[in-house]
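Next come the chains, spelled out residue by residue.
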Amino acid sequence: MEAKMVHNQSINGPGVKIAVLDTGIDYNHEDLKDNYSK
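Quantities reported herein were computed from a predicted structural model and do not represent experimental measurements. (Residues numbered from 1 in each chain as written. Predicted model: local features only at pLDDT ≥ 70, side-chain atom pairs only at ≥ 80, totals over all residues. Heavy atoms only, no water.)

(A) Looking closely at the overall build of the chain. When helices and strands are counted, the chain shows 1 helix and 0 strands. With the C-alpha coordinates of the chain rotated into their principal frame, the extents come out at 40 × 15 × 10 Å. Expressed as a percentage of its 38 residues, the buried residues of the chain come to 0%. Computed over 4 positive and 6 negative side-chain charges, the inter-centroid distance for the chain is 7 Å. (Helix = DSSP H or I, 4+ residues; strand = E, 2+ residues; numbered from the N terminus. Buried < 20%, exposed > 50% of the residue type's maximum accessible area, 1.4 Å probe, protein only. Lys, Arg positive; Asp, Glu negative; His and termini not counted. Charge placed at Lys NZ, Arg CZ, Asp CG, Glu CD.)

As structure tokens, this is what we get:
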């Protein structure tokens, strides 16, 4: 995410907008494959 790089440039405070884009999960990931339901 490069969040640390941006924070170190003092890009923070009022007026900063943040978005989180969820692209889903990797159904074949070893930590997830046995723990989800379609």
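(B) Layout of the UniProt feature "domain: Peptidase S8/S53" (unreviewed entry) in the chain. UniProt annotation of "domain: Peptidase S8/S53" (unreviewed entry) refers to residues 13-36 when read in the numbering used here. The span residues 13-36 carries 0% helix and 0% strand; its end-to-end C-alpha distance comes to 37 Å. (UniProt positions renumbered as here; feature names shortened; annotations may be inferred.)

(C) Representation of a nonpolar patch on the surface within the structure. Together, Met-5, Val-6, Ile-11, Val-16, Ile-18 and Val-20 make up a nonpolar patch on the protein surface, roughly 580 Å² of accessible area in all. As for its placement among the helices and strands, Val-6 is situated in helix α1 (residues 3-8). Since its relative accessible area comes to 30%, Val-6 is described here as partly exposed. (Patch = residues over 30% accessible without salt bridge, like charges linked within 9 Å, V, L, I, M, F, W, Y side chains within 5 Å. Areas by Shrake-Rupley, 256 points an atom, 1.4 Å probe, with all protein chains shown as cover. Salt bridge = Lys/Arg side-chain N within 4 Å of Asp/Glu carboxyl O.)

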